[in-house]
Amino acid sequence: MSQEIHGTCSYETAEPEATRRAADEAESSRASRGWWDRNADEYQMDHGGFLGDDRFVWGPEGLDEAEAALLGPVEALKGLDVLEIGAGAAQCSRWLAGQGARPVALDLSHRQLQHALRIGEGIPLVEADAGRLPFRDASFDLACSAYGAVPFVADPVQVFREVHRVLRPGARWVFSVTHPIRWAFPDEPGPEGLSVAASYFDRVPYVEQDEQGNAVYVEHHRTLGDRVRDVVAGGFRLLDLVEPEWPEWNDQEWGGWSPLRGNLIPGTAIFVCERD
């Protein structure tokens, strides 16, 4: 899972300015690559314990694929060619390999993939943009992404069409993102994060920019309906939409995620899709 939360960037230079403005595909991609390369060390230090080295977690709630089986029955993963998009340090891919699958971990960030090598070798790693997958048609039996790539791209349909292209007929594509309803609330874990402060329908991207106006972090908002339409436009059927509830055992805060908010409003949306 390689998602981070609005407004949490750390820099040696001046703090970036947070704003809402347009950001196209090229600017979004540059910002994401740079942000993750700069912040991968801190991210893995802060969240590596929760994510584990070989655990498949769908979001800050802690929903584990070993229990959720959103990719299909665990025993059916053996021998499957699996593409993980936005893999970060490849924790999910490592879990998949442990079930006998043949995963490939793809990420835009070179530094994130260096952390994958630090944890352990043996997982094929690919540094590439999710909108331009460097694989042949029908190369994979399954694709997944835990908070990777999708929230950060200006054109999610292009990503979905690329995923569709590299999957074999009938394959699943399962991805998790911040639940769209969260965009109407401040990104705070405490009581201040429980009052609506913005329009859910405002789709202008969240951008952090430097003193020259260059984007250093970009995240794109889509409503729940937008996400469903994007899935269909990408050539998939939506099988399920999972909104994990906050479990009693999880007492940690992760950016704007917390037990307080998690018990009242959804924080993660997981889309379970099938290639037509």
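Refer to the structure printed above.
These notes cover the structure that comes with them. These numbers were taken from a predicted model, which means no experiment stands behind them.

What counts and what doesn't
Residues numbered from 1 in each chain as written. Predicted model: local features only at pLDDT ≥ 70, side-chain atom pairs only at ≥ 80, totals over all residues. Heavy atoms only, no water. Helix = DSSP H or I, 4+ residues; strand = E, 2+ residues; numbered from the N terminus. Rg over C-alpha atoms; globule rule 2.2 N^0.38 Å. Buried < 20%, exposed > 50% of the residue type's maximum accessible area, 1.4 Å probe, protein only. Contact = heavy atoms within 4.5 Å. Pairing = 2+ DSSP bridges. Axes fitted to C-alpha atoms, helices over the stretch in contact; angles between N-to-C directions. Parallel < 35°, antiparallel > 145°, perpendicular 65-115°, else oblique. Left-handed = near helix turned anticlockwise from the far one by under 90°. Nonpolar A, V, L, I, M, F, W, Y, C, P; charged D, E, K, R; others polar. Polar contact = N/O pair within 3.5 Å; in protein donor to acceptor, adjacent residues only side chain to side chain. Phe/Tyr/Trp six-rings, centres within 6.5 Å; stacked < 30°, edge-to-face > 60°.

Before going further, it helps to examine the overall build of the protein chain. A tally of helices and strands in the protein chain yields seven helices and 10 strands. Compactness check: the protein chain gives a C-alpha radius of gyration of 17 Å against a globular reference of 19 Å for 276 residues, within 12% of the reference. Each of the three principal axes of the protein chain carries a C-alpha extent, and together these read 45 × 40 × 35 Å. Counting across all 276 residues of the protein chain, residues that qualify as buried make up 55%. Pairs at least 24 residues apart make up 74% of the contacts formed inside the protein chain by residues separated by at least 6 positions.

Now for the sheet that holds strand E8 (residues 215-219). If you walk across this open sheet you meet the three strands as E1-E7-E8, and the pairing is antiparallel. Both outer strands of the open sheet, strand E1 (17-20) and E8, are each paired with one neighbouring strand and no more. On average, each strand axis in the sheet is tilted by 20° relative to the strand beside it, whichever way the strands run. Strand direction decides the pairing type here: strand E7 (residues 206-209) and E8, joined by four bridges, are antiparallel. When the sheet's bridge partners are listed, Val-207 is paired in E8 with Val-218.

Here we take up helix H5 (residues 156-166). In terms of burial, H5 is a largely internal element, eight of the 11 residues being buried. Residues of H5 that are buried sit in contact with strand E2 (81-85), strand E5 (140-146), strand E6 (167-178), helix H6 (224-233), strand E9 (236-242) and strand E10 (268-275).

Turning next to the packing of H5 against H6. Two elements in contact, H5 and H6, have axes separated by 8 Å at closest approach and are oriented at 40°. Between H5 and H6, the crossing angle belongs to the class labelled oblique. As H5 runs across H6, the sense of the crossing is right-handed. Contacts between H5 and H6 involve Pro-156, Val-157, Phe-160 and Arg-161 from the first element and Arg-227, Asp-230, Val-231 and Ala-233 from the second. By residue class, the composition of the contact of H5 with H6 is five nonpolar, no polar and three charged.

With that out of the way, let us pick up the packing of helix H1 (residues 25-51) against helix H4 (residues 110-119). Running from amino to carboxyl end, H1 crosses H4 at an angle of 35°, the nearest separation of the two axes being 7 Å. Contacts from Trp-36, Asp-37, Ala-40, Asp-41, Tyr-43 and Gln-44 of H1 reach H4 at His-110, Arg-111, Gln-112, His-115 and Arg-118. When its residues are assigned to classes, the contact of H1 with H4 shows three nonpolar, four polar and four charged.

The next thing to look at is the environment of Asp-137. Here Asp-137 is to be found in the loop between strand E4 (125-127) and E5. Overall, Asp-137 belongs to the exposed group, its relative accessible area being 54%. Taking the C-alpha atoms as reference, Asp-137 lies 6.9 Å from Leu-167; in sequence the two are 30 residues apart. In contact with Asp-137, other than residues within four places in its own chain, are Arg-165 and Val-166. Engagement of the side chain of Asp-137 in a polar contact is seen with the side chain of Arg-165, the distance being 2.9 Å.

Turning to the packing of aromatic side chains, a few remarks are in order. This structure, assessed with the given rule, holds 17 aromatic pairs. Arranged with centres 5.3 Å apart and planes meeting at 85°, the rings of Trp-36 and Tyr-43 form a pair that is edge-to-face. On the basis of relative accessible area, Trp-36 is assigned to the buried category, the value being 7%. Since its relative accessible area comes to 2%, Tyr-43 is described here as buried. Considering the side-chain rings of Phe-56 and Trp-95, the 5.9 Å spacing of their centres and the 85° angle between planes classify their relative orientation as edge-to-face. Here Trp-95 lies in helix H3 (residues 91-98) and Phe-56 lies in the loop between H1 and helix H2 (65-68), a separation of 39 residues in the sequence. Note on accessibility: Phe-56 and Trp-95 belong to one class, buried. Taken together through their ring pairs, the aromatic side chains of Trp-35, Trp-36, Tyr-43, Phe-50, Phe-152, Tyr-206, Tyr-217 and Trp-254 make up a single cluster.

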